[in-house]
Amino acid sequence: MDMSVNLVIVESPAKAKTIEKFLGKDFKVISSFGHIRDLSKKNIGIDVENGFKPEYIIPDDKKKVVNELKKEAARASQVWLASDEDREGEAIAWHLVQVLNLPPEKTKRIVFHEITKEAIEQAVSSPRGINISLVDAQQARRVLDRLVGFQISPILWKKVPLALSAGRVQSVALRLIVEREREIIAFKPVSSFRITGEFIIDADREKGAIIKAEASKKFNREEDAKEFLQLCADASFNIADITVKPGTRFPAPPFTTSTLQQEAYRKLGFSVAQTMSVAQRLYEGGMITYMRTDSTNLSQLAINTAAGIIKKEYGDNYSRPRQYRTRSKGAQEAHEAIRPAYMAKKIIQGNQQEKKLYDLIWKRTAASQMSDAKIEKTNITIGVSNSDTPFIAQAEVIKFDGFLKVYRESSDANGENGYETVIPPVKKGMNLEYDKITAQEKYTSPAPRYTEASLVKKMEELGIGRPSTYAPVISTIQNRGYVAREDRPGESRPVNIMILSGGRIKASVKTEKSGFEKSKLFPKDIGIIVNDFLVEHFSNIFDYHFTANIEVQFDKIAEGEKEWVTMLDEFYGPFHKKVSSTLKEAERKTGARVIGTEPDTGEPVYAKMGRYGPVIQIGDASEDKKPRFASLRKGQLIETIGMEEALELFKLPRKLGEHEGEEMLVGMGRFGPYVKHKNNFYSLKSKDDPYSITHERAVELIEEKKEADKKKEIKRFGDILVLNGRYGPYISYEKQNYKIPRGTDPESLSQEDCMNIIKKNSGSGKKK
DNA sequence: CAGTGAGCGAGCTTCCGCTTGACTT
């Protein structure tokens, strides 16, 4: 009857389920769902005067879990704390001891890095106590982040209109995007001429085999390129040299959160949030290991299983078991790499996204355990008789594909690598003739804008953020309105081309697109102003190396070499002084910039941050005069907008004349151009131009919209409308929408039914 | 949903990391 009851607490319910299977009947395994306590939000949750004493509370959404944990702990004779073996995991265990009132004799701390029977049994047989130094390092981290976030954000509210938040991680992510944008704005493309030739082997003339090669030098000036082509017209060509070098390609290590997000973006087009939510489902379904990890480590069992499968599928020579070392900064390595739970399962059940992501994980894991690829690089130098600039042909041949059989990592750089895979057989000294030699103008391009995925990569390199926060941080800076993911159509520019063929040079001009962008991160005005304010006043904290530097301090605390309160004291002294002085002295920042003067009136034209967003202001306010304002459009920046564009903004709203006794106005709104009439808005179609739209066309748009609205209407009782919407029928009343309960025929609703639905739903409905 | 734009004052917001649901007007 009185058998021993063991309670094991882990962080995730999916993990609990798996572990319970290994431990048998005497063990009950439950989950804490991550942290169970956090700092109170009142008075920033820290008693700064009193050794930074944290005030911990149990958040509302954790109360249920904590009660459950308390109940189970009371029933157990032994509690095993099995949270992750890193700073955060140790802190979770410590909070559990505090909150559940666990006596030492009944509490054991265990850790395991992989979820296998052996690893878990091994962990249970070697318990330890809580490592309080590690807990202190976590507390220092937590308190520092709260101090930075909760003392700097309020400064922003006061000093920068529309600013909302600052933090150790989000503000550096923002800075990366702003500084990249400035690099791009300042970038001046330079063009040069790249010369490529197609050559025919004299002896092989009938076969028509062609060697493509590029001149070893680029020409900055068009005249020089032309001169070179003229030389080529009279030159003879021969194979001057051939070198063949063996090379090796190595597989990429298994996935971490960061590399999974990058590859899923590049290969599958998933956003980082999308990748995480699909991975979460795979994890909960027991199909992959944990998806928030910075470790490239694989369990021995996984390595062995993979080896067996690779040998069977591809042959013994394709197998090469290996363990990868984790290289990223600040890695805590509490988990394995992201891999299939069962390598034997090559395909899984699930939706398309799940299947695709699983397939990617399977291939990456398999490839990491496969042989290197063997390649052969051939360099052929083609001599030009009357010039010392030769042509070079490069070829790369895969001699043994190895891991490339299943997986090849994508790269962020777009564009070809210039390698041919096939080259006709040639010998040194052979004579060649040109078929065609082309000089094409090529422009240099600036560093690329960040995608969500490449930003995560950069953050990981800098050691800011953790696997669990990459996706949320990227959402945060977008939700705050600091940056936006946008497309840009790009601009056309002319490119000069000269082609030498049959002894004659023909020049032509083509156009190419530059600056085309798809789903890139662009800073918005408010993001730029916030960033400049933060960098101006808190350059040391929003420095790219700040996190790396304090991580060294946290490590010292974890090693017991430093007191966490001492560390915070050293940080807080100068920090708080800076907070106070900034609050007192810093100027309000609106990013104001003088563009010039309006030609007609001679009044000054400014771009600046207004109360509701970025605006152009013409003229200054005085007793008898009001300045004129116009909002900037999407894609325009305070920093770069020019006079012509600025004045264009004042051409709208434009009066179109009267219709049914009231003025029609055409304007530009958040959702594009519109016609306003009797306080209703009518969107222009894409073929309509707000600057030239006619009275007649505007009336047409109004009538069309009225007609469409009539079709939407099912019923009407005074100002209660029953309408057909995108998500099915709904009730519209006083600018609020109400869902009609499932199974109700909207035709059958009476006025009283509608009122009931409205009353029932208006209590819970919160306005945003 | 889209017209605003000076200044004042009240009451509000905010961080990072650990984990999943509950939401789908």
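Just so we're clear, the structure is a prediction, and the values are computed from it rather than from any experiment.

Student: Which parts of the structure should I look at to understand the overall build of chain A?
Tutor: Summing up its helical and strand segments, chain A has 19 helices and 30 strands in all. Along the three orthogonal principal directions, the C-alpha set of chain A runs to about 100 × 85 × 65 Å. Here the contacts in chain A between residues at least 6 apart in sequence split such that 69% fall between residues at least 24 apart. Carbon and sulfur atoms form 49% of the exposed surface of chain A, whose accessible area is close to 41,200 Å². For chain A, the centre of its 123 positive side-chain charges and the centre of its 108 negative side-chain charges are spaced 3 Å apart.

Student: I'm lost on the packing of helix α5 (residues 132-159) against helix α16 (residues 564-585) in this one. Help?
Tutor: Two measures define how a pair of helices packs: the angle their axes make with one another and the distance between the axes. Interaxial distance between α5 and α16 falls to 11 Å at its minimum, and their mutual angle equals 0 degrees. If you check the angle between α5 and α16, you find them roughly parallel. Note on element contacts: α16 touches α5 through Trp-564, Met-567, Leu-568, Phe-571, Tyr-572, Phe-575, His-576, Val-579, Thr-582, Leu-583 and Lys-584, opposite Asp-136, Gln-139, Ala-140, Val-143, Leu-144, Leu-147, Val-148, Gln-151, Ile-152, Ile-155, Lys-158 and Lys-159. Here the contact of α5 with α16 is composed, by residue class, of 15 nonpolar, four polar and four charged.

Student: Help me understand the sheet that holds strand β22 (residues 628-631) in this model?
Tutor: Two pairing modes exist for strands in a sheet, parallel and antiparallel, and in both the strands are linked by backbone hydrogen bonds. Pairing is antiparallel in the open sheet, where four strands are placed in the order β19-β20-β21-β22. Looking at the sheet topology across the chains shown, the edges are occupied by β19 (593-597) and β22. Taken over all neighbouring pairs, the strand axes of this sheet differ in orientation by 25 degrees on average, direction set aside. Note: β19 against strand β20 (residues 604-609), four bridges, orientation antiparallel.

Student: Is there a simple way to explain the packing of aromatic side chains in this structure?
Tutor: The description of an aromatic ring pair rests on the distance of the ring centres and on the angle between the ring planes. In the structure shown here, the tally under the stated rule is 16 aromatic pairs. Measuring from ring centre to ring centre gives 5.7 Å for Phe-52 and Tyr-572, while their planes differ by 80 degrees; the resulting arrangement is edge-to-face. With a gap of 520 residues between them, Phe-52 in the loop between β4 (46-47) and β5 (53-54) and Tyr-572 in helix α16 connect regions that are remote in the sequence. For Phe-52, a relative accessible area of 2% translates into the label buried. One Lys or Arg, Lys-267, reaches over the ring of Tyr-407 and ends 4.6 Å from the middle of that ring.

Student: Explain the sheet that holds strand β8 (residues 107-109) here, please?
Tutor: The four strands lie next to each other as β2-β1-β7-β8, forming an open sheet whose pairing is parallel. On the outer flanks of this sheet lie β2 (27-31) and β8, each paired with one strand and no other. Strand after strand, the sheet turns through a mean of 25 degrees between neighbouring axes, direction not considered. Both strand β1 (residues 6-10) and strand β7 (residues 78-81) contribute to a ladder of four bridges, which runs parallel. Within β7, the residue paired with Leu-7 across the bridge is Val-79. Sitting on the sheet, helix α1 (residues 13-23) is in contact with β1 and β2, with an inclination near 170 degrees to β2.

Student: Looking at this structure, I do not really get the environment of Gln-122. What am I missing?
Tutor: With respect to the element layout, Gln-122 can be found in helix α4 (residues 117-125). Overall, the relative accessible area of 51% leaves Gln-122 in the exposed class. Between the alpha carbons of Gln-122 and Val-535 there is a distance of 50 Å; along the sequence they are 413 residues apart.

Student: I keep staring at the pattern of salt bridges and nothing clicks. Help me out?
Tutor: Oppositely charged side chains are able to pair whenever their charged atoms sit close together. Per the counting criterion, the structure on display carries 51 salt bridges. Taking the shortest distance from any N to any O, the salt bridge between Arg-141 and Asp-145 comes out at 2.8 Å. Separated by four residues within a single helix, Arg-141 and Asp-145 lie in helix α5, roughly one turn from each other. Between Arg-194 and Glu-214 there is a salt bridge, and its shortest N-O distance comes to 3.2 Å. In this pair, Arg-194 is assigned in strand β9 (residues 191-201) and Glu-214 in strand β10 (residues 210-215), connecting sequence segments 20 residues apart.

Student: Looking at this model, I keep getting lost on the packing of helix α9 (residues 272-284) against helix α11 (residues 352-368). Mind explaining?
Tutor: Relative orientation of the contacting elements α9 and α11 amounts to 90 degrees, with a least axis distance of 10 Å. The angle between α9 and α11 falls in the class roughly perpendicular. Within the contact between the two elements, α9 uses Gln-274, Thr-275, Val-278, Ala-279, Arg-281 and Leu-282 and α11 uses Gln-353, Glu-354, Leu-357 and Tyr-358.

Student: What should I look at first to understand the nonpolar core in this one?
Tutor: Nonpolar side chains in soluble globular proteins tend to be buried together. Core analysis: the largest hydrophobic core is formed by 114 residues, its most contacted members being Leu-357, Leu-455 and Ile-616. Looking at which element gives the most residues to this core, the answer is α5, with 11 residues. Once residues lying within four places of it in the same chain are set aside, the contact partners of Leu-455 are Ala-173, Leu-176, Ile-177, Tyr-450, Ile-474, Ile-477 and Leu-521. Core analysis: the second largest hydrophobic core is formed by 27 residues, Phe-199, Ala-215, Ile-380 and Ile-382 among them.

Student: Is there a simple way to explain helix α8 (residues 257-268) in this structure?
Tutor: In an α-helix, one full turn covers 3.6 residues, which means residues spaced three or four apart are oriented alike. Between its first and last C-alpha, α8 extends 15 Å over 12 residues, near the 16 Å set by a 1.5 Å rise per residue. By the burial criterion, the buried members of α8 are Thr-257, Ser-258, Thr-259, Leu-260, Gln-261, Gln-262, Glu-263 and Ala-264. In this structure, the buried side of α8 is in contact with α9, α11, α12 (452-462) and α13 (470-479). Positive phi shows up at Gly-269, right after α8, with a value of about 75 degrees.

Student: When you look at unusual backbone geometry in this model, what are you seeing that I'm missing?
Tutor: Excluding glycine, most residues fall at negative phi; most peptide bonds, likewise, are trans. Each neighbour pair has its own omega, and for Leu-652 with Pro-653 the value is -5 degrees, a cis peptide bond. Mapped onto the fold, Pro-653 is located in the loop between α17 (643-648) and β23 (654-659). Positive phi outside glycine occurs at Ile-44, with the angle close to 50 degrees. Tracing the sequence through the fold places Ile-44 in the loop between β3 (38-39) and β4. On the basis of relative accessible area, Ile-44 is assigned to the buried category, the value being 18%. Positive phi, normally seen in glycine, also occurs at Phe-52, with a value near 55 degrees.

Student: I'm lost on helix α14 (residues 525-537) in this one. Help?
Tutor: Taking 1.5 Å per residue as the helical rise, α14 with its 13 residues ought to reach 18 Å, and the 19 Å between its terminal C-alpha atoms agrees with that figure. The element α14 is extensively covered by neighbouring structure, given that 10 of its 13 residues are classed as buried. The complete set of buried residues in α14 reads Asp-525, Ile-526, Gly-527, Ile-528, Ile-529, Val-530, Asn-531, Phe-533, Leu-534 and His-537. Against the buried residues of α14 lie α5, α6 (170-186), β18 (517-523), α16, β20 and β21 (614-618).

Student: Whenever I open this one, the pairing of strand β12 (residues 373-384) confuses me. Can you help?
Tutor: Each regular strand shows side chains that alternate between the opposite faces of the sheet. Taken together, the 12 bridges between strand β11 (residues 237-249) and β12 define a ladder with antiparallel strand orientation. Note that in β12 the partner of Thr-243 across the bridge is Asn-379. Connecting β12 to the next strand, strand β13 (residues 391-400), in antiparallel fashion are six residues.

Student: Would you take a moment to explain the environment of Ser-385 for this structure?
Tutor: Along the chain, Ser-385 falls in the loop between β12 and β13. When the C-alpha atoms of Ser-385 and Leu-231 are compared, they prove to be 9.1 Å apart, with 154 residues separating the residues in sequence.

Quick notes on the rules
Think of each chain on its own: its residues are numbered from 1, step by step along the sequence as written. The order in which chains are written sets their letters, starting at A; the order in which ligands are written sets their numbers, starting at 1. Where local features are concerned, this predicted model is filtered to residues with pLDDT of at least 70; where side-chain atom pairs are given and counted, the filter is 80 or more; whole-chain, interface and lining totals use all residues. Where side-chain values are given, they derive from all heavy atoms of the structure, hydrogens and water being excluded. Under the scheme used here, helices are H or I runs from DSSP no shorter than 4 residues and strands are E runs no shorter than 2 residues, and both carry numbers assigned from the N terminus. Two residues form a contact once any of their heavy atoms are found within 4.5 Å. Note on areas: Shrake-Rupley with a 1.4 Å probe; residue coverage comes only from the protein chains shown. Positive charge is attributed to Lys and Arg, negative charge to Asp and Glu, and no charge count is given to His or to the chain ends. All charge positions are set by atom: Lys at NZ, Arg at CZ, Asp at CG, Glu at CD. Angular values range over 0 to 180 degrees, each being the angle between N-to-C directions of two axes fitted as lines to C-alpha atoms, with helices fitted over their stretch in contact. Should an angle lie under 35 degrees it is considered roughly parallel, over 145 roughly antiparallel, and from 65 to 115 roughly perpendicular; all remaining angles are considered oblique. Any residue that is not Ala, Val, Leu, Ile, Met, Phe, Trp, Tyr, Cys, Pro, Asp, Glu, Lys or Arg is counted as polar, Gly included; the first ten are nonpolar and the last four charged. Strand pairing requires that DSSP identify at least two bridges connecting the strands. Only centres within 6.5 Å qualify two rings of Phe, Tyr or Trp (six-membered ring in Trp) as a pair; their planes then separate them into stacked at under 30 degrees, edge-to-face at over 60, and tilted for everything else. For each residue, the accessible area found with a 1.4 Å probe, counting protein chains only, is set against the maximum for its type, and the residue is called buried under 20%, exposed over 50%, and partly exposed in between. Two thresholds decide whether a charge sits over a ring: the Lys NZ or Arg CZ must be within 6 Å of the ring centre and within 35 degrees of the ring normal. The term salt bridge refers to a pairing of a side-chain nitrogen on Lys or Arg with a carboxyl oxygen on Asp or Glu at a separation within 4 Å. Only buried Ala, Val, Leu, Ile, Met, Phe, Trp, Tyr and Cys residues count toward a nonpolar core, and they belong to the same one when joined by side-chain atoms within 4.5 Å. The length a helix should cover is 1.5 Å for every residue beyond the first.

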